[in-house]
Amino acid sequence: MRIQLSEHFTYQKLLRFSLPTIAMMIFTSIYGIVDGFFVSNYVGKTAFAAVNLIMPYLMIQGCFGFMIGTGGGALVAKTLGERKRETADRYCTMLVWFTVILGVLISVVSILIMRPVVLFLGAEGAMVRECMIYGVIMSAFNAAFMLQYFFQSFFVVAEKPNLGFGITMAAGITNIVLDALFIAVFHWGVAGAAIASVIGQCVGGVLPLLYFGRRREDAEAGGHKADRDLPENTGKNGEADRELSRGGRRQVSSCLKNTSLLQLTKVKMEPGVLVRTCANGSSELMSNISSSVVGMLYNFQLMKYAGENGIAAYGVVMYTQMIFFAIYIGYAVGTSPIVSYHYGAGNHGEMRSLLRKSLLLMAGTGIVMMLSAQASASVLSGIFVGYDEELLEITIHAFLIFACSYLLSGVNIYASSFFTALNNGGISAAISFLRALVFQTGAVILLPLLFGIDGIWWAVTVSEVIASLISVMFLVAKRKKYRY
């Protein structure tokens with residue numbers, strides 16, 4: 001039975017509703033991880049370092065889709081809570097077009113400046129060519145990458161998280177199979193890794209367009225009329241008549257039948273809505289850009305203190321962090337529309353319950369993740385760099401220290417997402433900006449002066465501790481305003 005945004009959420013319902021989105025985020029993270037695994041084991045250490053060097057720049061491009069998806073998702077979910085269905089459809093459609101147009105523009109600019117960027121990041125010798133090949137191919141399909149991030153939020157808003165997970169799983173499996181084929185069998189190197197990734201992204205970005213592009217056919221969704229043109233008879237006989245009339249068309253395309261809360265429609269651009277969406281999603285944009293910028297800074301510092309081995313070790317740690325953070329981000333994205341809906345509907349008691357339950361879940365999950373990461377450090381490191389004993393030793397050591405950051409990162413990620421759901425992009429952006437950029441930048445610059453390379457590995461944990469104090473401060477300060 002489908003869980004609706006308007007329901008009261010217990011711990012069980014929260015986990016059931018958010019689990020598909022968590023899985024969706026994990027499969028999205030698999031793209032870079034699978035590329036890294038095959039490149040490292042079948043192409044070599046230099047190519048692996050090159051992919052890790054250019055990856056932060058590529059992630060900055062894609063995170064604009066995440067900004068539009070989270071910011072727009074909160075706005076659309078709030079609009080649904082206010083019982084404005086047609087307005088929600090219009091907003092959704094407009095944001096899809098905006099994502100595509102922005103994605104194409106970013107692709108053109110990115111390809112034109114790729115070589116200067118690669119050189120600025122510190123690539124030398126053979127790494128320059130590998131970075132260029134991987135970066136140009138990935139950038140060319142940035143619109144699909146952005147759409148995939150966008151729809152991860154909107155499948156949840158449309159009360160279709162399971163369908164979103166299914167499409168993302170299909171995209172992930174496509175990437176894995178093609179990575180094995182293009183790299184291990186055809187020996188296409190980093191080009192094969194990039195081609196496999198962009199094909200997977202097209203699966204994840206284009207299939208949702210086909211789904212939401214169909215007319216909504218469910219007579220009743222979320223407790224409200226899905227389409228004002230439906231006949232009044234919604235009983236069993238009326239439903240049977242409609243089923244019969246659709247007949248063959250339904251059999252041919254039942255897998256794409258749109259039974260969600262949203263559908264694409266005719267629309268024109270509304271600058272005010274676009275500005276509100278970008279402002280509200282700016283925290284997610286800031287968080288992703290900050291993480292990428294800090295990733296570049298980590299690479300600079302590690303090149304200085306440990307050389308190519310340091311960058312490769314950091315790449316392994318980051319791949320694992322992508323999986324752990326995907327769980328936190330998946331839960332935040334999966335539950336954000338619930339908060340937005342009840343905020344729009346004025347259900348303050350439910351908002352208070354959601355916040356309390358979510359913080360407890362994030363805190364408990366943080367303990368489990370930290371211990372799990374430390375226990376599996378040797379095994380996970382060996383998967384990627386087991387062929388080099390010195391590199392493996394550096395990676396395991398880094399892994400054990402870095403794992404401590406998982407203890408509080410979930411609380412900080414959820415706190416930022418909670419304010420995005422309340423359509424308060426300013427506070428959400430402040431938490432993300434301080435956590436992901438200011439505190440980490442300061443730590444990764446200053447701590448190595450005191451503790452050497454270990455200071456680099458401890459930097460993220462220090463920043464999470466300070467950021468958790470900021471998150472708690474904002475949550476307490478805004479309790480009366482939002483009545484949670």
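Details of the structure are given in the entry above.
Note that the structure is predicted; figures quoted are calculated from it, not measured.

Criteria and thresholds
- Residues numbered from 1 in each chain as written.
- Predicted model: local features only at pLDDT ≥ 70, side-chain atom pairs only at ≥ 80, totals over all residues.
- Heavy atoms only, no water.
- Salt bridge = Lys/Arg side-chain N within 4 Å of Asp/Glu carboxyl O.
- Buried < 20%, exposed > 50% of the residue type's maximum accessible area, 1.4 Å probe, protein only.
- Helix = DSSP H or I, 4+ residues; strand = E, 2+ residues; numbered from the N terminus.
- Patch = residues over 30% accessible without salt bridge, like charges linked within 9 Å, V, L, I, M, F, W, Y side chains within 5 Å.
- Areas by Shrake-Rupley, 256 points an atom, 1.4 Å probe, with all protein chains shown as cover.
- Core = buried A, V, L, I, M, F, W, Y, C linked by side-chain atoms within 4.5 Å.
- Polar contact = N/O pair within 3.5 Å; in protein donor to acceptor, adjacent residues only side chain to side chain.

Moving on, we get to the pattern of salt bridges. What the rule picks out here adds up to seven salt bridges. For the salt bridge of E82 with K84, the shortest nitrogen-to-oxygen distance reads 3.7 Å. A relative accessible area of 29% places E82 in the partly exposed class. Since its relative accessible area comes to 43%, K84 is described here as partly exposed. Here E270 makes a salt bridge to R90, at a shortest N to O gap of 2.7 Å. Taken together, the residues E270 in the loop between α9 (236–253) and α10 (271–280) and R90 in helix α3 (residues 85–112) connect sequence positions 180 residues apart.

Take a nonpolar patch on the surface next. A contiguous nonpolar surface patch, about 660 Å² in accessible area, is contributed by Y305, I445, L446, L449, L450 and F451. Looking at the nonpolar patch, the element that brings in the most residues is helix α17 (residues 425–451), giving five residues. Exposure remark for F451: the relative accessible area of 54% places this residue in the exposed category.

With that out of the way, let us pick up the nonpolar core. The tendency in soluble globular proteins is for nonpolar side chains to be buried side by side. Ranked by size, the top nonpolar core spans 136 residues in total, and within it I54, Y134, L262, Y298, Y406, F419 and Y484 carry the most contacts. With 18 residues, helix α2 (residues 45–81) is the single largest residue contributor to this core. Counting residues in each nonpolar core, the second largest holds six residues, with F66, F145, Y149 and V333 among its members.

The next thing to look at is the side chain of N258. With respect to the helices, strands and loops of the structure, N258 is situated in the loop between α9 and α10. Overall, the relative accessible area of 0% leaves N258 in the buried class. At 3.2 Å, the side chain of N258 and the backbone oxygen of R214 are in polar contact.

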